[in-house]
There are 2 protein chains.
Amino acid sequence: MKIAIVGAGPAGSLLACYLVRRGHQVEVYERRPDPRRYDDEEGRSINLGLSARGMRALTDVGLMAEIQPLTVPMRGRAVHAPDGKVAFHPYGNRQTEILHSIRRRDLVISLINQADSAGVAFRFDTTLSALPEADAVVGADGAFSTVRTLMHRGARADFRQEYLPWGYKELTIPTMPSHHEALHVWPGGDDGLIVTHPNLDGSATATLFLPYDKLAAITDPEAFFAERFPDALALIPDLAKEFAERPVGHLVSIRTAPWHHEGQVVLIGDAAHAVYPFYGQGMNSALEDCTVLDACLDEHPDDLAAAFAEFERRRRPHTDVLDELSRQNFVELRERVRSPLHHARKRADLTLARIFPGRWVPLYTMVSHTTTPYADALAKAKRQDAVLRWAAVGAAGLAAVAMLARKVR
Amino acid sequence: MKIAIVGAGPAGSLLACYLVRRGHQVEVYERRPDPRRYDDEEGRSINLGLSARGMRALTDVGLMAEIQPLTVPMRGRAVHAPDGKVAFHPYGNRQTEILHSIRRRDLVISLINQADSAGVAFRFDTTLSALPEADAVVGADGAFSTVRTLMHRGARADFRQEYLPWGYKELTIPTMPSHHEALHVWPGGDDGLIVTHPNLDGSATATLFLPYDKLAAITDPEAFFAERFPDALALIPDLAKEFAERPVGHLVSIRTAPWHHEGQVVLIGDAAHAVYPFYGQGMNSALEDCTVLDACLDEHPDDLAAAFAEFERRRRPHTDVLDELSRQNFVELRERVRSPLHHARKRADLTLARIFPGRWVPLYTMVSHTTTPYADALAKAKRQDAVLRWAAVGAAGLAAVAMLARKVR
C-alpha cells in the first residue's frame, strides 16, 4: 500500500521507519527544508528529554544504539533555592531510571536517515493544501495540523485548543558549574520558572517560562534576573543579547476527536494531542503513538479502517490523562518543588519503591521510566495514594491508642 | 464610523438596528439569500422561544410591538408520560412569566426590515474570504464563524468545540389536541427526547432528539414511535415521509477567547458562544449580547478597543455559565421531568416565590423571565439551594427534638 505521512518531525519520521518495515510504499511530506542540509529550527524547543516510551520505540526500529551517544543522561532534578543552594533529587532508585537529554535536531536527522536508507521518499519544502494522493494519509504535522483541518472540515469533530497564559524564552548556559547530568529547576511560583537541559558539549539550554504580562514588562533582563534568579544570572553571559533576539515561544494544549477518518486518514503526535511540556512527555508520547499504531496494524494488517479505529480507541484515553498530568506538573515544577513536604513525600515514595520493588511504583517513575499506559499509571498511583492515606490514619489511630493506654496505666 | 457586520441572523440584524441608531454607517454581509425573497432555512431550527432577554432587546430597538403578534405564548411545559397522560407545569406564577414561540424566519425578516428602513445596507449572497473594509467588523456569522477564524489566525486563541453525540430531526404536528400554548416534552431518558413549539396556525413543530447510533438504526420510524412515543405517533401523520426527507441536525457547543481584536473585530452570538438548545437561551443570549455591547459603546463612545474589551470582560463569564446550564438542562429535560420528586422541588420553588415575591426566585425563572446576568442568577440559585438544604436539616432537627420531648414527657 502507498502511505503518505505529512510531517517529518520525530513522530512522522519514526512512523515512516515502522511502515516501510511492514512493506508499505511510504512518502513523507514536510513543509520545512531538509534538516540535514539547513540548520533552521524556527525557534522550536531545541532539547528534549527522552524517556522509556521514546526509547522503546527507537529500540523497536533499531535506532537506540545509534542515538544513545547523542544523549546526555539526566539523573535527577537539581533544584535551585533563592539563596543559591542547589539540592539534587534523583529521578529513581535504579541506574536505568534516568532521562536522556537530546537535541531535537539530532534525533530527527537520525530518524530521517534511517527511513531514507530503508527506502522512504522524503519531499521537503512541500506545503500541502489538499491531502496527498495515497491509500492512506497520516497527519504527523503538529499541533496546527493541516491534515487535521482537512479531515475535520464539515465533520462533527470535537476540538479543544488552550494556550497557557505563559510564554517562554530559550537562553544559553555555556557551562553548568555543578550537576551537569541533571535537569535544573529554578521554581519561581507565579513569578517564573527556569528549566535547563544539558548538552553534549557541557553547555545547557535554559528555558525561562513567565506569564505573558510579566515577560512583556521586562525592560532590563539583567535587573529581572538579579532580583528573581540571581544565581542564574551569573550563568548566562549573553543574557541581554539573547533575551532581545530570541522569539517568545507559546504553549498550547490540544485535544480532539475523532483521530481518524475511515481507513483514509489518521492523526498521530501533536496533531492528535498536544500537551504542555512540563511532564517532558510530549515527544515521548508522540513516539509511543507509533508503537501503538504499529501494534494495531499488526492486528488488522489488511484493514486500515479497523486498525485506525482501534488505535484511537486504545490510545486516546491515555493521552487525555497525559494532558491532565502535564497541567498538574506545571504546578509541581513551579510551586511544589520548593516545598520540603513535597520532597519528603517523594522520598517516602522512593523508599516504598525500594522496599516493595515492582509493587510500589511512584507515578513519576511509571510515567517516565516505564511504558505502563498513562491512564493505568494514574489509576495505580491513586490506589497507592489511598493506601498511604489509610496508613497515615492508621498510624494516627495507633498513636491515639498508645496515648490512651499510657493514661489508663 | 463605518461598521461591517458579518451575518444577517437574529444577532447581526439586531445589532445593525442598535448601531445605525448610534449614527454609524452600517453594512451587513450575509452568505445566504435575502430571506424576504426566498424561503430557504437550510434545515435550521424553525422555532425559537423568545424570553425576557430577547424581548428586552427587541423592545430597546422599538420592535416588540410588531413582533408580539407573530408569537404564540408558551405558558408552561406539557409533559407526556409513557401511558399517554399529559401533565401541565406552568413556567411561573405570573401572567408575564411565559415564553413566546416564534419562527426564526419571521423574527429575522422583522429585524432586517427595521434595519433596512433605518438605512442599513444589506449585501446578501456574499461569501467573504477576508474581513470586509470598515473601521470595525462584527462577527455575527454563527457557530462556524469565518470572522472568528480570520481573527484568530496566528493568534493565541483558546477554542473549544464539542458536538453532542445526539442528532435531531424536525417533524410536523398539524394539530396539537390539548395545551396548544405550551412547550410539549416527551422525556425518553437515553432513548430520545421530543420537544415541540407551537405555531400561529395551530400546528406545532416537533423536534426529535436521539443518540446518533439510535437515529441511524431506525429503519421503520413508525415502529420506533409506536414503541417509544406511542401517543406522539398519532399526532404526526407524515412521519415516514418527513423522517426520510428531513436532514439530521447537529448540536454543537463552542467557547472561545478572545472575542475581540483591538478595536477592529468583535464577535457576538453563536460566533462567540454557541450552546446546546436545551435551555432555550441560544438566540436570547445572542440578542442580549447586542444590548450589552450597546451599553459598552455608550460607556466608550470614542474608543472601540475599550468598548470591545469591556464587552468581553463583562459578558463572557455569563455565557460560560449559560453553556453549563444548557448542558444540565439537557439532563433535566430527558430525565428529571419524568420524576415526581423533580416536580415537587419545582412546586416548592414556585410556592416560595409566591410567599417571598422578588426575594425567592427559582433559577429557571431568573434565566428565562428576568434579565439577571446568567452567572448572577446561578449564584443566587445556589444560595437559595443552600437555604433549602439547611431548612430541611432544621426541620429534621426540630422533628427529632419533638420526638425526644414526647419520650421525655
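Residues numbered from 1 in each chain as written. Chains lettered and ligands numbered in written order. Predicted model: local features only at pLDDT ≥ 70, side-chain atom pairs only at ≥ 80, totals over all residues. Heavy atoms only, no water.

1. Considerations on the UniProt feature "transmembrane region" (unreviewed entry) in chain A
So the rule is basically this: UniProt positions are given in the numbering used here, feature names are shortened, and annotations may be inferred rather than shown by experiment. Helical segments are the DSSP runs of H or I of at least four residues, strand segments are the runs of E of at least two, and each set is numbered from the N terminus.
As recorded in UniProt, the feature "transmembrane region" (unreviewed entry) lies at residues 387–405 of chain A. Taken end to end, residues 387–405 of chain A is 100% helix and 0% strand, and its first and last C-alpha atoms sit 26 Å apart.

2. Looking at the sheet that holds strand β15 (residues 252–257) of chain B
Which entries qualify depends on this criterion: Pairing between two strands is assigned when DSSP locates at least 2 bridges connecting them. The contact criterion used throughout is that any non-hydrogen atoms of two residues lie within 4.5 Å. Whenever a helix is involved, its axis is fitted only over the stretch in contact; in every case the axis is a line through C-alpha atoms, and angles between N-to-C directions fall within 0 to 180 degrees.
Pairing in this open sheet of six strands is antiparallel, and the strands run β18(A)-β15(A)-β10(A)-β10(B)-β15(B)-β18(B) from one edge to the other. Edge strands, defined here as strands with exactly one partner in the open sheet, are β18 (273–274) of chain A together with β18 (273–274) of chain B. Across six bridges, the pairing between strand β10 (residues 158–163) of chain A and strand β15 (residues 252–257) of chain A is antiparallel. Within the sheet, the bridge partner assigned to Tyr163(A) lies in β15(A) and is Val252(A). Strand contacts of helix α11 (residues 304–334) of chain B: β10 (158–163), β15 and β18 of chain B, with the helix running at about 155° to β15(B), the strand carrying the most contacts.

3. Observations regarding the sheet that holds strand β3 (residues 47–50) of chain B
Residues and elements named next belong to chain B. Reading across from one edge, β3-β7-β4 is the order of the three strands in this open sheet, with antiparallel pairing throughout. Only two strands of the sheet have a single neighbouring strand rather than two, namely β3 and β4 (72–74). Strand-to-strand twist of the sheet, defined as the mean angle between neighbouring strand axes without regard to direction, takes the value 35°. In this sheet, strand β7 (residues 99–103) lies alongside β4 in antiparallel orientation, the contact comprising three bridges. Its bridge partner being in β7, valine 72 is matched across the sheet by serine 101. Sitting on the sheet, helix α4 (residues 104–117) is in contact with β3 and β7, with an inclination near 80° to β7.

4. What about unusual backbone geometry?
Excluding glycine, a negative phi dihedral is what most residues carry, and trans is how most peptide bonds are arranged. What counts, and what does not: Exposure is judged per residue with a 1.4 Å probe applied to protein chains only, and the accessible area is read against the type maximum: over 50% gives exposed, under 20% gives buried, and values in between give partly exposed.
Omega for the bond connecting Ala257(A) with Pro258(A) falls within 30 degrees of zero, at 0°, which places this linkage in the cis form. Considering the arrangement of structural elements, one finds Pro258(A) in the loop between β15 and β16 (260–261). The backbone of Asp125(B) shows a phi angle near 55°, a positive value even though the residue is not glycine. Owing to a relative accessible area of 54%, Asp125(B) belongs among the exposed residues under this scheme.

5. As for the interface of chain B and chain A
Selection rule: A simple way to read buried area is as the amount of 1.4 Å-probe accessible surface that goes missing from two parts once joined, with both sides added. Two N or O atoms count as a polar contact when they lie within 3.5 Å, although within protein this holds only if one can serve as hydrogen donor and the other as acceptor, and sequence-adjacent residues are included solely when both atoms are side-chain atoms.
Residue-level contacts link 11 residues of chain B with 11 residues of chain A. In this assembly, chain B packs against chain A so that about 1,100 Å² is buried in total across both faces, 52% of it on carbon and sulfur atoms. Among the residues of chain B in contact with chain A, Arg156(B), Phe159(B) and Tyr163(B) are the three that bury the most area, contributing 50% of the side total. In this structure, the connection of chain B to chain A is made through eight residue pairs in polar contact (both at pLDDT 80 or more).

6. Side note on the relation of the copies chain B and chain A
Rule in force here: Least-squares superposition aligns the copies on the C-alpha atoms of those residues with pLDDT at or above 70 in both.
Superposition record for chain B on chain A: RMSD 0.1 Å, screw rotation 180°, translation along axis 0.1 Å. Within this description, the copies of the chain are treated as partners about a two-fold rotation axis. In terms of proximity to the rotation axis, the leading residue of chain B is Arg160(B), whose C-alpha is 2.0 Å off the axis. An overlap of 100% is found between the interface residues of chain B and their copies at the interface of chain A, pointing to a shared contact surface.

7. Let's talk about the packing of helix α10 (residues 282–299) of chain A against helix α11 (residues 304–334) of chain A
Each packed pair of helices is defined by two parameters, the angle between the axes and the distance between the axes. Residues and elements named next belong to chain A. The cut-off we apply is this: Handedness of a crossing is defined here by the sense of rotation of the near helix relative to the far one, left-handed for an anticlockwise turn of less than a right angle and right-handed for a clockwise turn. Note that Gly is not counted as nonpolar here; it falls among the polar residues with everything else outside the nonpolar set of Ala, Val, Leu, Ile, Met, Phe, Trp, Tyr, Cys and Pro and the charged set of Asp, Glu, Lys and Arg.
Running from N to C, α10 and α11 point in directions that differ by 150°, and their axes come no closer than 9 Å. Handedness of the α10/α11 crossing: right-handed. Residue-level inspection shows Ser285, Glu288, Asp289, Val292, Leu293, Ala295, Cys296, Leu297 and Glu299 of α10 in contact with α11, the latter providing Leu304, Ala307, Phe308, Glu310, Phe311, Arg314, Arg315, Thr319 and Leu322. Each residue belonging to the contact of α10 with α11 can be placed in one class, and the counts come to 10 nonpolar, two polar and six charged.

8. Remarks on the environment of Arg56(B)
All names here are of chain B. Turning to its location among the elements, arginine 56 is positioned in helix α2 (residues 52–60). Once the C-alpha coordinates of arginine 56 and glutamate 288 are considered, the two residues, 232 residues apart in sequence, prove to be 8.0 Å apart. Leaving out residues up to four positions away in the same chain, arginine 56 has contacts with Glu288, Thr291 and Thr371.

9. Examining the side chain of Ser203(A)
Residue and element names in this part refer to chain A. Residue placement: serine 203 occurs in the loop between β13 (193–198) and β14 (204–211). The exposure class assigned to serine 203 is buried, which follows from its relative accessible area of 8%. Excluding residues that lie within four positions of it along the chain, serine 203 makes contacts with Ile173, Pro174, His180, His197 and Pro198.

10. Points about the packing of aromatic side chains
What characterises a pair of aromatic rings is the spacing of the ring centres plus the angle enclosed by the ring planes. Filter applied, for reference: Stacked, edge-to-face and tilted labels apply to pairs of Phe, Tyr and Trp rings (six-membered ring for Trp) whose centres lie within 6.5 Å, assigned for plane angles under 30 degrees, over 60, and everything in between, in that order. Criterion for a charge above a ring: Arg CZ or Lys NZ at most 6 Å from the ring centre, at most 35 degrees from the ring normal.
Taken as a whole and assessed by the stated rule, the structure comprises 23 aromatic pairs over all chains. Note on Trp259(A) and Phe311(A): the rings are 5.6 Å apart at their centroids and 45° apart in plane angle, and the pair reads as tilted. Of this pair, Trp259(A) sits in the loop between β15 and β16 while Phe311(A) sits in helix α11, placing them 52 residues apart in sequence. Both residues of the pair, Trp259(A) and Phe311(A), belong to the buried class. Seen in terms of ring centroids, Phe224(B) and Phe225(B) are 5.9 Å apart; in terms of plane orientation they differ by 75°. Their pairing is edge-to-face. Its end group placed over the ring of Tyr374(A), Arg53(A) keeps NZ or CZ at 4.1 Å from the ring centre.

11. Considering the side chain of Asn47(A)
Residues and elements named next belong to chain A. By secondary structure assignment, the location of asparagine 47 is in strand β3 (residues 47–50). Engagement of the side chain of asparagine 47 in a polar contact is seen with the side chain of asparagine 199, the distance being 2.7 Å. Within polar-contact distance, the side chain of asparagine 47 engages the side chain of threonine 205 at 2.8 Å. Among all residues touching asparagine 47, those that are not within four sequence positions of it are Ser101, Ile102, His197, Pro198, Asn199 and Thr205.

12. Side note on the domain arrangement of chain A
Residue and element names in this part refer to chain A. The criterion, for reference: Domain ranges listed in this record stem from an automatic or a database domain assignment. A side-chain nitrogen of Lys or Arg and a carboxyl oxygen of Asp or Glu constitute a salt bridge if their distance falls within 4 Å.
Taken domain by domain, chain A consists of domain 1 (2–71 + 102–162 + 253–334) and domain 2 (355–408). Summarising the inter-unit geometry, the C-alpha centres of domain 1 and domain 2 are found 36 Å apart. Taken together, the contact between domain 1 and domain 2 spans 15 residues of the former and 14 residues of the latter. On the domain 1 side of the interface with domain 2, the three residues burying the most area are Arg53, Tyr279 and His318, jointly 48% of the side's total. Across the domain 1-domain 2 interface, the total number found is zero salt bridges. Linking domain 1 with domain 2 are six residue pairs in polar contact (both at pLDDT 80 or more). Listed by contribution, the elements that provide at least two residues to the side of domain 1 that touches domain 2 are α2 (52–60), α10 and α11. Residues that form the side of domain 1 that touches domain 2 fall into these classes: six nonpolar, five polar and four charged.

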